[in-house]
Amino acid sequence: MERTIYRACPLCEAICGLEIKTRDREIVSIRGDRDDPFSRGHICPKAVALQDIQDDPDRLRRPLKKIGNGWQEIGWDEALDEVTERLFSLREAHGPDSLGIYLGNPNVHNLGAMTHGPLFYKMLRTKNRYSATSVDQLPHQLVSYLMYGHQFLLPVPDIDHTDYMLILGANPLVSNGSMMTCPDVKARLKAIQERGGKVVVIDPRRSETARMADHHHFIRPGGDTALLLALLKILLETVNPDRRSHLSGHLEKLDQVEDMLASVEIADCAASCGIAVGDIQSIADDLATAGKAACYGRLGVSVTENGTLNHWLIQMINIVTGNLDRVGGTLVTDPAVDLVGMRLMGPGGYGRWRSRVNNLPEACSELPVSELATEILTPGDGQIRGLITTAGNPVLSTPNGRKLDDALEQLDFMVSIDLYLNETTRHADIILPPTAPLEHDHYDISFLALAVRNVTRYSEAVFDKPEGTLHEWEIFDQLTRRMTAKMDAPVTTRSRAPARMVNLSLAYGPYGKRRRAEAGLSLKKLQNSPHGIDLGPLKPGLLKKLRTRGQKIDCLPDLIREGLTAFLKDLTSRPKEGLLLIGRRHLRSNNSWMHNYERLVKGKERCTLLVHPDDMARCGLTDGDYALLQSRVAKQKVLVEASEEMMPGTVSLPHGWGHNRAGLRLAVAAEHAGVSVNDFTDEMQRDPIAGTSALNGVSVRLSPI
Ligand SMILES: Nc1nc2c(c(=O)[nH]1)N[C@H]1C(S)=C(S)[C@@H](COP(=O)(O)OP(=O)(O)OC[C@H]3O[C@@H](n4cnc5c(=O)[nH]c(N)nc54)[C@H](O)[C@@H]3O)O[C@H]1N2
Ligand SMILES: Nc1nc2c(c(=O)[nH]1)N[C@H]1C(S)=C(S)[C@@H](COP(=O)(O)OP(=O)(O)OC[C@H]3O[C@@H](n4cnc5c(=O)[nH]c(N)nc54)[C@H](O)[C@@H]3O)O[C@H]1N2
Ligand code: SF4
Ligand SMILES: [Mo]
């Protein structure tokens, strides 16, 4: 039977609409859905690889159990019983904190993991919760919690209406946008230029986005804090407070920010970040005079030693210029499934508990994942002995991956809920594989709440669930039930399918049928609108949503004051010398897990260290050489590629590679192994506030072999 199904691509935050044609259980074609009002037909090469995920002979379809040095397929009941029994007995013998949890990125791209995972984790009551968040967007969430009272009150750039966009440490042309759901981002950036506006990029590499920008400024990795500080200082002095009159009744401690910045010299900031005073001045002028401007930063300013200060500064710049909560500035969405308004997610928090070994504070319910290996390896009460990983590959995605690789071998028990036998899951005792992306339905609870327009869309499964498989939500539901029975706990299981939970949230949400809202949303309505429904442009509304006491915006939370004080003390000390390592993404990669599809890995070797020709000459290297790259934690051979794109003194290696370990079931990826940049990144280098890893700006040495 031939069918055409419209649905969202679950692979990245852009959530593009797809048109998928099938014949029986075969995919005939995957194209962009031109009738999707939001993505307008845009897709990238990864979407077509959904077919490869579906058909991949390496993808796991049955639970696997480790037997000696090999693996055996076992039945679901046996697997789920054994997982429950092993976790339960570890917990009984050594307490709740003896179990660790690591959640990877695809969790947020999987509805069933979002609706049913948390119930299971919660009942384990362990403080050892780790996720990709602390190698990613944790500073955004922490800053929103501190300033706006909720970790998910996250303003996004109103890209379709702004006249000036300052982009720091993001490469949306390749990443397709992050913490800003923005399909077809290139066209949207071009439109800014076509209406006479400007796009300015700050990046140590002349990235794909930098190339299309009106201006690109190189910056020494980690220099953004000094740059943003200088911008804020100039803007505080030059912007007429009338510009922010819509915020003024809500702003608390703005005068204290001014006081703290009084002694800051622009020249010191310029020296620290490597951008000339004149250039800083002209960016500030543009921000001040553009009627509508948005300052936006992503990984290059998140996963650095001052990620939290950076994101606070970005919020402050948007506030001082009057662009926060203004059309064309930055706005929060009015999502149809309203996580904040309906209290479906907690507001966040800080320091409510601490890590055992190094006494690090929890931030938004996370402990820094850079501590995971240490918590497994250090004996004592509360040592992690059992680990659950879901949709994550921390051996490749977190700093000092080799240390974690070794640590996972020490565990008494590990279970992984994952589609593949990869660098991380090879350490598991049992792997539970859920259905593939096209075999289950989907609703983007997270990303529709970060979209640059208010939109909503429900995606039907393309294929029925194959016999003998379980959806992610069913796995969690089964684990929760079994554990509840063992723990003699009250039954809190929610066996409702995820779609029914979405239906309730939609119906009672701001556009809901039950609220008699004009849009009258319900699951049924969405099922009848397979291209999605446009709910209009973003509108000001943050002020009404603030969750702080007295609905104030805290311009100088205590944590920030302390962090800033420490930073200012060091401002005039000399910046790090020598080569600094940063990361890189590629349109045909998706973190660590999509290298097993020929169409995405074919062609020239991509896992290369980009080095400026001057640095190349200084190190005695030529293009195409293998060289030794050394950091505090590793020394390994890498392939070097000369590139004028790099700022001298900075080198770049993409993350997610390193499929050269034994025991993987990834035939194609193993032939394109590359090296893991996170073998070089340092678990001790992190943001002292949020605990996020500093994956960018790692000191390295490069020498001929
Ligand atoms: N040096 C450096 N390191 C980085 C980054 C960087 O820029 N530089 N980026 C960081 C960022 S932003 C992120 S988000 C992290 C990502 O870090 P992780 O989330 O730890 O790693 P991923 O590569 O996304 O691994 C995803 C895993 O989920 C599995 N999977 C895919 N789909 C599903 C599904 O539907 N269900 C289940 N159960 N499993 C699934 C895959 O097989 C794979 O094992 O990496 C971080 N690491
Ligand atoms: N194709 C593809 N798309 C993806 C992903 C992928 O792996 N592949 N991953 C997805 C995920 S999980 C995420 S979180 C997003 C990330 O989305 P982005 O943050 O937009 O993606 P990156 O490519 O990591 O961009 C970071 C940029 O910061 C620069 N940079 C590094 N250090 C510094 C610094 O100190 N200062 C400044 N100013 N810049 C710096 C880098 O050169 C790079 O251009 O992408 C998502 N989309
Ligand atoms: S940009 Fe992201 S959402 Fe769009 S097709 Fe590519 S991977 Fe899928
Ligand atoms: Mo990410």
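Looking up the protein in an unreviewed UniProt entry gives the name Molybdopterin oxidoreductase family protein, with the organism given as Emcibacter nanhaiensis. Heading Sequence similarities (unreviewed entry) of the UniProt record for the protein holds this comment: "Belongs to the prokaryotic molybdopterin-containing oxidoreductase family."

J.: Could you give an account of the overall build of the protein, naming the residues involved and the relevant values?
T.: Along the protein, the regular secondary structure elements total 26 helices and 30 strands. By principal-axis analysis of the C-alpha atoms, the protein measures approximately 70 × 65 × 50 Å. By residue count, 63% of the 705 residues in the protein fall in the buried class. Considering only contacts in the protein between residues 6 or more positions apart, those separated by 24 or more positions represent 74%. Accessible surface for the protein amounts to roughly 26,000 Å². Of this, 48% is attributable to carbon and sulfur atoms. A distance of 4 Å separates the average location of the 84 positive side-chain charges in the protein from that of its 88 negative side-chain charges.

J.: Account for the sheet that holds strand S2 (residues 17-23), naming residues and giving values.
T.: Read from one edge to the other, the open sheet built from three strands follows the order S1-S2-S3, with strand pairing classed as antiparallel. The sheet terminates laterally at strand S1 (2-8) and strand S3 (26-32), the two strands that pair on one side only. Sheet twist, expressed as the average angle between the axes of neighbouring strands with direction ignored, equals 20 degrees. Across six bridges, S2 lies against S3 in antiparallel orientation. Across the sheet, the residue bridging to Arg23 is Glu26, located in S3.

J.: So what's going on with the site of ligand 3? Residues and values would help.
T.: Residues in close proximity to ligand 3 include Cys9, Leu11, Cys12, Ala14, Ile15, Cys16, Ile43, Cys44, Lys46, Ala47 and Asn176, which together make up its full environment. Here ligand 3 is seated within the second largest cavity.

J.: Describe the site of ligand 2, and please don't skip the residues or the numbers.
T.: Residues in contact with ligand 2 amount to 28 residues; listed here are only the nearest, Asp203, Asp224, Arg585, Ser589 and Asn591. Between ligand 2 and Asp224 there is a distance of 2.7 Å, counted from a nitrogen atom to a side-chain nitrogen or oxygen. Within the backbone of Ser589, a nitrogen or oxygen atom sits 2.7 Å from a nitrogen atom of ligand 2. Starting from 920 Å² of accessible surface for ligand 2 in isolation, the protein chains cover 97%. The set of elements that each furnish at least two residues to the shell around ligand 2 consists of helix H6 (172-175) and helix H14 (299-302).

J.: Please give an account of the packing of aromatic side chains that cites residues and values.
T.: For the structure shown, the criterion picks out three aromatic pairs. Consider the rings of Phe120 and Tyr121, whose centres lie 6.1 Å apart with planes at 55 degrees: the pair is tilted. The pair formed by Phe120 and Tyr121 is uniform in burial state, with each residue classed as buried. The side chain of Lys637 reaches across the aromatic face of Tyr626, ending 4.9 Å from its centre.

J.: How would you summarise the pattern of salt bridges if you had to cite specific residues and measurements?
T.: Going through the model one piece at a time under the given rule, you end up with 37 salt bridges. For the salt bridge of Arg40 with Asp184, the shortest nitrogen-to-oxygen distance reads 3.7 Å. In this pair, Arg40 is assigned in the loop between S3 and helix H1 (45-48) and Asp184 in the loop between H6 and helix H7 (185-194), connecting sequence segments 144 residues apart. A residue is classified by how much of its surface remains accessible, and Arg40, at 40% relative accessible area, is partly exposed. One salt bridge connects Arg632 with Glu683, and the closest N-O pair in it is separated by 3.3 Å. Of this pair, Arg632 sits in the loop between strand S27 (626-630) and strand S28 (635-642) while Glu683 sits in the loop between helix H26 (667-671) and strand S30 (698-704), and the two are 51 residues apart along the sequence. For Arg632, a relative accessible area of 53% corresponds to the exposed category. Given the relative accessible area of 6%, Glu683 is considered buried. Counted as one network, the salt bridges with shared partners bring together Arg402, Asp405, Arg426, Arg661 and Asp679.

J.: Just give me the short version of unusual backbone geometry, but keep the residues and values in it.
T.: Positive phi values are uncommon outside glycine, yet Met179 reaches one of about 55 degrees. Since its relative accessible area comes to 9%, Met179 is described here as buried. In this structure, Arg343 is a non-glycine residue whose phi angle is positive, near 55 degrees. Topologically, Arg343 is positioned in the loop between strand S14 (330-331) and strand S15 (350-354). With a relative accessible area of 63%, Arg343 lands in the exposed category.

J.: Outline the sheet that holds strand S19 (residues 430-432), listing residues and values.
T.: Pairing in this open sheet of seven strands is mixed, and the strands run S5-S4-S19-S18-S17-S6-S7 from one edge to the other. In this open sheet, the two strands that pair with only one neighbour each are strand S5 (70-73) and strand S7 (129-131). Taken over all neighbouring pairs, the strand axes of this sheet differ in orientation by 20 degrees on average, direction set aside. The sheet contact formed by strand S4 (residues 64-67) and S19 spans two bridges and is antiparallel. In the sheet register, Lys65 faces S19, and the bridge partner there is Ile430. Most of the contacts of helix H3 (residues 76-94) go to S19, to which it runs at about 125 degrees, and overall it touches S4, strand S6 (99-103), strand S17 (386-390), strand S18 (413-417) and S19.

J.: Give a description of the packing of H3 against helix H19 (residues 472-487) that names residues and reports values.
T.: In the contact formed by H3 and H19, the axes pass within 10 Å of each other and the chain directions differ by 50 degrees. One element, H3, and the other, H19, form an angle in the oblique class. Seen along the crossing, H3 lies across H19 with a hand that is right-handed. Here Trp76, Asp77, Leu80, Asp81, Val83, Thr84, Glu85, Leu87, Phe88 and Arg91 of H3 come into contact with H19, specifically with Ile475, Gln478, Leu479, Arg482, Met483, Lys486 and Met487. Grouping the constituent residues of the contact of H3 with H19 by class yields nine nonpolar, two polar and six charged.

J.: Can you break down the nonpolar core residue by residue, with the values?
T.: Core analysis: the biggest nonpolar cluster contains 70 residues, and Leu166, Leu231, Leu232, Trp312 and Met316 have the highest contact counts within it. By residue number, the principal contributor to this core is helix H9 (residues 224-238), which donates 10 residues. When neighbours within four sequence positions are excluded, Trp312 is seen to be in contact with Val143, Met147, Leu232, Val257, Cys555, Leu556, Pro557, Ile560 and Leu564.

J.: Now, about the packing of helix H4 (residues 111-124) against H19: what can you tell me, with residues and values included?
T.: Contact geometry for H4 and H19: axes closest at 8 Å, N-to-C directions at 20 degrees. Between H4 and H19, the angle falls in the class roughly parallel. Like other packed secondary-structure pairs, H4 and H19 cross with a definite hand, here left-handed. Of the residues in H19, those in contact with Gly112, Ala113, His116, Gly117, Phe120, Tyr121, Met123 and Leu124 of H4 are Glu472, Trp473, Phe476, Asp477, Leu479, Thr480, Met483, Thr484 and Met487. When grouped by side-chain class, the residues that make up the contact of H4 with H19 number 10 nonpolar, five polar and two charged.

The rules behind these values
Residues numbered from 1 in each chain as written. Chains lettered and ligands numbered in written order. Predicted model: local features only at pLDDT ≥ 70, side-chain atom pairs only at ≥ 80, totals over all residues. Heavy atoms only, no water. UniProt positions renumbered as here; feature names shortened; annotations may be inferred. Helix = DSSP H or I, 4+ residues; strand = E, 2+ residues; numbered from the N terminus. Buried < 20%, exposed > 50% of the residue type's maximum accessible area, 1.4 Å probe, protein only. Contact = heavy atoms within 4.5 Å. Areas by Shrake-Rupley, 256 points an atom, 1.4 Å probe, with all protein chains shown as cover. Lys, Arg positive; Asp, Glu negative; His and termini not counted. Charge placed at Lys NZ, Arg CZ, Asp CG, Glu CD. Pairing = 2+ DSSP bridges. Axes fitted to C-alpha atoms, helices over the stretch in contact; angles between N-to-C directions. Near = heavy atom within 4 Å. 1 Å grid on protein atoms, 1.4 Å probe; cavity = no way out; pocket = protein on both sides within 12 Å on 5 of 7 lines; lining within 4 Å. Sits in = over half its atoms within 2 Å of the grid points. Polar contact = N/O pair within 3.5 Å; in protein donor to acceptor, adjacent residues only side chain to side chain. Phe/Tyr/Trp six-rings, centres within 6.5 Å; stacked < 30°, edge-to-face > 60°. Lys NZ or Arg CZ within 6 Å of the ring centre and 35° of its normal. Salt bridge = Lys/Arg side-chain N within 4 Å of Asp/Glu carboxyl O. Parallel < 35°, antiparallel > 145°, perpendicular 65-115°, else oblique. Left-handed = near helix turned anticlockwise from the far one by under 90°. Nonpolar A, V, L, I, M, F, W, Y, C, P; charged D, E, K, R; others polar. Core = buried A, V, L, I, M, F, W, Y, C linked by side-chain atoms within 4.5 Å.

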